[in-house]
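# Summary of the model geometry
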Amino acid sequence: MDSENDSAELMPMFYVGHHETKRALPVSTQLVHHAQDLGYDMLTTPITNAHFHTRVLALLSSYRQAVSDAPPKQILPLPLIAALDAVDTPLTPSDTISQLVTFTSSWIDLASPDPVIAHLSRQVFNLEIAYAAFCGVVTVVVPGPALTHGANGVSQFARAIKEALSTGSYIQLHVMMPMDVTKCAEEKEDLGNLARFIQPEFVGQGQAMDIDEFGAWDAWNVIRTMSRYHSRLSVALELPRRFPSLALQARWYSEPVRLLNLPASSFLVNARGSFVLSKPHQHFIFRCMRLRSSPWLLLTDIGPIPGVNDPEMIMSYSTGHLSPETAADALGPESPTISTSPTPAEAVKIPKKSGKKTYDDPAPHLSYIRYLQRNQPIKSTLERFGGGFQDYLQSPLQPLTDNLESITYEVFEKDPIKYAWYERAVAQALQDWVAQKKSTSSDNGAVVIAVTGAGRGPLVTRALNASESTGIPVRVFAIEKNPNAYVLLQRHNMEEWSGRVTIVKTDMRAWKGPMLPDGSYGKVDIIVSELLGSFADNELSPECLDGVQHVLNPEHGISIPSSYTAHMTPISTPRIWSDLLSRSTTIDSSAFDIPWVVMLSQFDYLSISSASYASQSQSQIPKDAKMSQMKLDSPLIPNVQTAWEFSHPLPPSVLAQSALRRGGSAIGGGGGFTGGDGANEHNFRFCKLAFPIQDQGVCHGLAGYFETVLYAGSQGSVELSTNPVTMEEKSQDMISWFPIFFPLKTPIQVPAGSELEISMWRQTDDRKVWYEWLVESFVTVNNRRLRLSISDLHSSKSNGCLM
Ligand SMILES: C[S@@+](CC[C@H](N)C(=O)[O-])C[C@H]1O[C@@H](n2cnc3c(N)ncnc32)[C@H](O)[C@@H]1O
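Residues numbered from 1 in each chain as written. Predicted model: local features only at pLDDT ≥ 70, side-chain atom pairs only at ≥ 80, totals over all residues.

By the naming in an unreviewed UniProt entry, the protein chain is Protein arginine N-methyltransferase, taken from Pleomassaria siparia CBS 279.74. Annotation of the protein chain in UniProt includes, under Sequence similarities (unreviewed entry), the sentence "Belongs to the class I-like SAM-binding methyltransferase superfamily." (UniProt positions renumbered as here; feature names shortened; annotations may be inferred.)

Take the overall build of the protein chain next. Secondary structure summary: the protein chain contains 21 helices and 28 strands in total. Considered along the principal axes of its C-alpha atoms, the protein chain spans approximately 110 × 75 × 50 Å. Burial status across the protein chain gives 45% buried among its 803 residues. Pairs at least 24 residues apart make up 81% of the contacts formed inside the protein chain by residues separated by at least 6 positions. (Helix = DSSP H or I, 4+ residues; strand = E, 2+ residues; numbered from the N terminus. Buried ≥ 20, exposed ≤ 12 C-beta atoms within 10 Å, placed from the backbone. Contact = placed C-beta atoms within 7 Å.)

Time to look at the UniProt feature "active site" (unreviewed entry) in the protein chain. Residues annotated by UniProt as "active site" (unreviewed entry) correspond here to Glu-530 and Glu-539. With respect to the helices, strands and loops of the structure, Glu-530 is situated in the loop between β14 (526-529) and α17 (541-548). Leave out the neighbours within four places in its chain, and Glu-530 touches Gly-453 and Leu-459. As for its position among the elements, Glu-539 is in the loop between β14 and α17. With sequence-adjacent residues up to four places away left out, Glu-539 is seen in contact with Leu-397, Gln-398, Pro-399, Leu-400, Leu-531, Leu-532, Gly-533 and Cys-801.

Here the focus is the sheet that holds strand β11 (residues 447-452). Strand order in the open sheet formed by 5 strands is β13-β12-β11-β14-β15, and the pairing between neighbours is parallel. With partners counted over all chains shown, the strands left at the sheet margins are β13 (501-505) and β15 (558-560), one partner each. Averaged over neighbouring strand pairs, the angle between their axes works out to 20 degrees when direction is ignored. (Pairing = 2+ DSSP bridges. Axes fitted to C-alpha atoms, helices over the stretch in contact; angles between N-to-C directions.)

Before going further, it helps to examine the UniProt feature "site: Critical for specifying symmetric addition of methyl groups" (unreviewed entry) in the protein chain. According to UniProt, the positions carrying the feature "site: Critical for specifying symmetric addition of methyl groups" (unreviewed entry) are Phe-412. Mapped onto the elements of the fold, Phe-412 is located in helix α13 (residues 406-413). On the basis of neighbour counts, which here come to 17 C-beta atoms within 10 Å, the residue Phe-412 falls in the partly exposed class.

Here we take up the domain arrangement of the protein chain. Its domain assignment divides the protein chain into domain 1 (12-376), domain 2 (406-530) and domain 3 (564-802). Domain 1 and domain 2 are separated by 62 Å when their C-alpha centres are compared. (Domains from an automatic or database assignment.)

Right, let's talk about the site of the ligand for a bit. Taken together, 22 residues surround the ligand, and among them Gly-453, Gly-455, Lys-481, Asn-482 and Met-508 come closest. Mapped by element, the contributors of at least two residues to the shell around the ligand are α13, α15 (458-470) and β12 (474-480). Within the shell around the ligand, the residues separate by chemical class into 13 nonpolar, 3 polar and 6 charged. (Near = placed C-beta within 6 Å. Nonpolar A, V, L, I, M, F, W, Y, C, P; charged D, E, K, R; others polar.)

Before going further, it helps to examine the sheet that holds strand β10 (residues 296-300). Pairing is parallel around the closed barrel formed by 8 strands, whose spatial order is β1-β2-β3-β4-β5-β6-β7-β10. Within the sheet, the average angular offset between the axes of one strand and its neighbour, ignoring direction, is 30 degrees. Judged from the 3 bridges that link them, strand β3 (residues 100-103) and strand β4 (residues 139-143) form a sheet pairing that is parallel. Counted as the bridge partner of Val-101 is Thr-139 from β4.

Looking now at the environment of Phe-778. Relative to the elements of secondary structure, Phe-778 occurs in strand β25 (residues 768-781). Owing to 17 C-beta atoms within 10 Å, Phe-778 belongs among the partly exposed residues under this scheme. Measuring from C-alpha to C-alpha, the distance between Phe-778 and His-700 comes to 16 Å, with 78 residues separating the pair along the chain. The contact partners of Phe-778, leaving out residues within four places of it in the chain, are Ser-754, Glu-755, Glu-757, Arg-785, Leu-786, Arg-787 and Leu-788.

This brings us to helix α6 (residues 215-226). With 12 residues, α6 should reach 16 Å at 1.5 Å per residue; the first-to-last C-alpha distance of 17 Å fits that figure. Counting buried residues along α6, 9 of its 12 residues qualify, which places the element largely inside the surrounding structure. Turning to α6, its buried residues are Gly-215, Ala-216, Trp-217, Asp-218, Ala-219, Trp-220, Asn-221, Ile-223 and Arg-224. (Expected span 1.5 Å × (residues − 1).)

Now for the pairing of strand β5 (residues 172-178). Across the 7 residues that make up β5, a large majority, 5, are buried. In terms of strand pairing, β5 meets strand β6 (residues 233-238) through 6 bridges, oriented parallel. In the strand pairing of β6, Met-177 is matched with Leu-237.

Once that is clear, we can look at unusual backbone geometry. Following Ile-560, the chain continues into Pro-561 via a peptide bond in cis, with omega recorded as 10 degrees. Cis geometry marks the peptide bond from His-648 to Pro-649; its omega dihedral reads 0 degrees. Summarising the element assignment, Pro-649 is placed in the loop between β19 (641-647) and α20 (652-661). Not every positive phi belongs to a glycine, and Lys-437 is a case in point at roughly 55 degrees. Mapped onto the elements of the fold, Lys-437 is located in the loop between α14 (418-435) and β11. A positive phi angle, close to 80 degrees, is found at Asp-766, a residue other than glycine. What makes Asp-766 buried here is the crowd of 21 C-beta atoms within 10 Å.

We now examine the pairing of β4. A regular strand places its side chains so that they alternate between the two faces of the sheet. Burial runs high along β4: 5 of the 5 residues are buried. Both faces of β4 are covered, namely the face carrying Thr-139, Val-141 and Pro-143 and the face carrying Val-140 and Val-142. Regarding topology, helix α4 (residues 115-135) serves as the crossover connection from β3 to the parallel β4, and that connection is right-handed. Summarising the sheet, β4 and β5 pair through 5 bridges and their orientation is parallel. Residue pairing in the sheet places Pro-143 in a bridge with Met-176 of β5. (Right-handed = clockwise from strand over helix to strand, strands pointing away.)

Formed by 195 residues in total, the largest nonpolar core has its most connected members in Val-451 and Ala-463. Tallying contributions element by element places α4 first for this core, with 10 residues. Aside from chain neighbours lying at most four places away, what touches Ala-463 is Val-426, Ile-449, Val-451, Val-474, Val-476 and Val-528. (Core = buried A, V, L, I, M, F, W, Y, C linked by C-beta atoms within 7 Å.)

For the rest of this paragraph, the subject is the confidence of the model for the protein chain. Here the protein chain shows a mean pLDDT of 90. Residues at 70 or above account for 92%. Across residues 1-5, confidence stays below pLDDT 50; counting only partners more than four residues off in sequence or on other chains, it has 1 contact. In this model, residues 351-358 is a region of pLDDT below 50 whose contacts with residues beyond four sequence positions or in other chains number 2 contacts. Interface confidence for the predicted complex, given as ipTM, is 0.99, next to a pTM of 0.93. (pLDDT = per-residue confidence, 0-100.)

Okay, the packing of α14 against α15 next. The N-to-C vectors of α14 and α15 enclose an angle of 45 degrees; their axes lie 8 Å apart at closest approach. With respect to α15, the element α14 is oriented oblique. Judged by the twist between their axes, the crossing of α14 over α15 is right-handed. In this structure, α14 uses Tyr-419, Tyr-422, Glu-423, Val-426, Ala-427, Leu-430 and Gln-431 to contact α15, whose residues at the interface are Pro-458, Leu-459, Arg-462, Ala-463, Asn-465, Ala-466, Ser-467, Ser-469 and Thr-470. For the contact of α14 with α15, the residue count by class is 9 nonpolar, 5 polar and 2 charged. (Parallel < 35°, antiparallel > 145°, perpendicular 65-115°, else oblique. Left-handed = near helix turned anticlockwise from the far one by under 90°.)

Rendered as structure tokens:
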């Protein structure tokens, strides 16, 4: 198999279903197989049929009649729907039932302010859920609430969903929500919809919500919040013809979307007369398909399954092999000529270009989706490296207290950027050293380098390379406290480094420096270390480097890295939060007090850089962008702020004061704030940052990143970054670090135009280091700043990093 095929095989699979809102035929096993022969993976079916619908309408009508015939003060009991009859449903338990996506009735109105309509709707819904569960159905799609009834209606609907999750204890419930309620296709006049039979006194009752672009998302937020982020509850998202703002797209992307519903109206027709999707549709679908649980696609009302009534018809399997013209983009719906862009129904009437023989595709929409599947954007380095780790929570490494395994080092060493950048930094530092005519700590003019925390030695190799490439002689020491890695370092010294390196097995803080012939200890000119964690200082780089600074040449000595900064931004991530909730109730009650290392994937930034937010109406995807080249990062640039900085070496006076405090002498002060002598208190940090929130949302925690200056000299600075705003410019394709996530035990609802204030502390008691974090939400009304909510003060003290 060639490598192209190899990588194509690793691309996500698209599972595509065929859905008819009014399917004429019951879905038999034969029909399922027939659809599979065409290339569909699944079919949908309603749980009940028109017979049942008619029965309920008749019951409503006779009830209304009875009420109007009854004497004025007589109260009649609410109408009761008799149990389902065999003629009421096309479903029956069968071998193929688990392959069907079932739909509850769309003609009910669970959120109705009319108690009779609500009562009937609830009965229909409960009967359907119970029967589907009985039949062994796995997937049930529930049409979302009518938003016209306002907030009260949404909570009624949400309550019914919560009930259904306990009735059908194995069923996955997908609530069908429009991506953008303001761009919803006009509700088709459904004469049988119970909502039409609302009594006049209830019309307009229940404060209608001010429905803005985020209206449907807001309703979904109520539904999943009331069900406590239930793991069997997700969204079936209906994609509109014209896509909403990038902010709303990004929000839906962060939700548990398990079905993407593509009605016929979401397709455009290109110059060739073929059904295609706009660039924003393509981009959104491609992004969603990269999620750890990628959604299924439903093609809705694109016509019945072809060939069902025509056994003679020659069918072809939709492989996605389309000519470039057939799959070419259409004039997008965002084009000013939108009105001339035909709807699919209109397009059917467009004469095909004469002269060319047209290929009659029985399933053109499906063929196009398969084409997208074949032409997905190539994977980024990070995606190739991190595949399978998306949103997977890992406890941060503690390389100081734990001894890493060889395989962990091996993973670091695959980084295509980090080590190359270190080599550049060392080379530039050596060149500056010589150019500035600085004296060295050796007796022969060689610059003395110590790689402190050498691991299996990749930075040692890079330091030797830098010496060779610059022609500047060095003397190299490799310091490592992991006894197992020490063995490997010795082997490398014999086999790769020709014995040029002095290997010392010790904690760097206990190392006295290079031993001189007279038995005394010399100094080091450059300390090279990589002790950084996802939040810069969380693997105790500051404490380790303070502890080894005594060996550094006091006059000229430098540290690579010379500084590092921690960064953060508030995010919404329902997926990770619900994962933490179940952990906190099962395996780890402190799950919300741990900063987790995680390859953040299904999340949304809550605070966007003002320039990026302002320009979001302009299409971010160039018109001529090839599918395979599309970038699938978050489309908006977040507002990421710096929490604090550490730099090395420290001024000697700071270390001198720390030494005075250690041991608790009177002259060393009154002890630490949080215990101990306070000898590490110079590494205490605090920050309070304010983040503007543009759109309403829910904050589930803080995403943390870091930047580091390895070396800044005469040739500029060599930097690494995991900060999404700067990583592309500073160290694109670096894969060694995933972000860190500081969770909130109780998610904070944030209105549009509000502000989140984040307080973060790096605490220490001389024995360990931990973080504390607090989030507050504010809104300004009539020039008064009002606090809306405040989180718990979270603390990782019980899981702190031991010094
Ligand atoms: C993140 S790993 C980096 C390893 C290697 N430099 C690399 O880039 O692949 C950090 C290394 O520092 C070592 N280390 C951490 N604290 C140390 C200390 N106080 N003294 C000596 N080694 C230490 C760990 O055992 C580990 O091997």
